[in-house]
Amino acid sequence: MDASAAKPAPRLFFEADLRPHRSLSRGALLAVLGAMAAGSLYVTTLMYLLGAWPVIGFNGADLVLAALLFWLNARAARAREIIRLGEDDIEITRITPAGRKSVVFVPPGWARAELEETPGAVPRLVIRTPAERLEIGRALGAAQKRDLAEAINRALVRWRSPQL
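The rules we used
Residues numbered from 1 in each chain as written. Predicted model: local features only at pLDDT ≥ 70, side-chain atom pairs only at ≥ 80, totals over all residues. Heavy atoms only, no water. Helix = DSSP H or I, 4+ residues; strand = E, 2+ residues; numbered from the N terminus. Polar contact = N/O pair within 3.5 Å; in protein donor to acceptor, adjacent residues only side chain to side chain. Contact = heavy atoms within 4.5 Å. Pairing = 2+ DSSP bridges. Axes fitted to C-alpha atoms, helices over the stretch in contact; angles between N-to-C directions. Core = buried A, V, L, I, M, F, W, Y, C linked by side-chain atoms within 4.5 Å. Buried < 20%, exposed > 50% of the residue type's maximum accessible area, 1.4 Å probe, protein only. 1 Å grid on protein atoms, 1.4 Å probe; cavity = no way out; pocket = protein on both sides within 12 Å on 5 of 7 lines; lining within 4 Å. Points joined across faces, edges and corners; volume = space filled by probe spheres on them.

Right, let's get into the side chain of Asn 59. Considering the arrangement of structural elements, one finds Asn 59 in helix H3 (residues 54-76). In terms of polar contacts, Asn 59 uses its side chain to reach the side chain of Thr 44, at 3.0 Å. Other than its neighbours up to four places away in sequence, Asn 59 contacts Ser 40, Val 43 and Thr 44.

Here it is as structure tokens:
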């Protein structure tokens, strides 16, 4: 019998996988870029026929800039944040759009999720302990942050409750 097979899996009290919301799928993004290219081609052709050939360069630059911005937006959607509450700690894993991973461990004993309200802005969601304060869920909206804070606090209550 393998020693790792005999060891029970650690208990998981909470897990959330946070990803930025993007409204366009890959196909829809290509359709929007295609429509923009068709519109640009129409205007460019019209301007060429009217003799306003300098407009062609500006139309091309606009299209390239729009494609670059859409690409940057799609790339930013690859970012993730994974929050896990296990038996020993809260593990916060952040993955950048480039794929770089950073992991932070927070002791859950005195931890709590709090919303820091600022008038006229989306509140900040932080995991607070006596020793540190760590912001999470930056890509979420206000309602989603409230729901996540409640879920984390409920999971922390379950973690602190003894199993009889």
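Another aspect to go through is the sheet that holds strand S2 (residues 80-86). The 4 strands lie next to each other as S1-S2-S3-S4, forming an open sheet whose pairing is antiparallel. Of all the strands in the sheet, just strand S1 (12-18) and strand S4 (101-106) have a single pairing partner and so form its edges. Taking the axes of each pair of neighbouring strands and ignoring which way they run, one obtains an average angle of 10° across the sheet. Here strand S3 (residues 90-95) pairs with S4 via 6 bridges, running antiparallel. Of the residues in S4, the one forming a bridge with Arg 94 is Ser 102.

For the rest of this paragraph, the subject is the sheet that holds strand S5 (residues 112-116). Pairing within the open sheet is antiparallel, and its 3 strands lie in the order S5-S6-S7. Each having just a single partner strand, S5 and strand S7 (133-136) make up the two edges of the open sheet. Each neighbouring strand pair of the sheet contributes to a mean axis angle of 35°, computed without reference to strand direction.

Note on soluble globular proteins: their nonpolar side chains tend to be buried together. Formed by 22 residues in total, the largest nonpolar core has its most connected members in Phe 14, Ile 90, Ile 127, Ile 136, Leu 148 and Ile 152. Residues in contact with Leu 148, not counting those within four places in the same chain, are Phe 14, Ala 16, Leu 18, Ile 83, Leu 125, Ile 136 and Leu 140.

Right, let's get into the layout of surface pockets. A volume near 330 Å³ is recorded for the largest pocket. The wall of the largest pocket is formed by 14 residues, among which Leu 24, Ser 25, Leu 29, Phe 70 and Ala 74 lie closest to the centre. Counting residues per element, the ones that place at least two in the lining of the largest pocket are helix H2 (26-49) and H3. Looking at the lining of the largest pocket element by element, the count peaks at 5 residues for H3.

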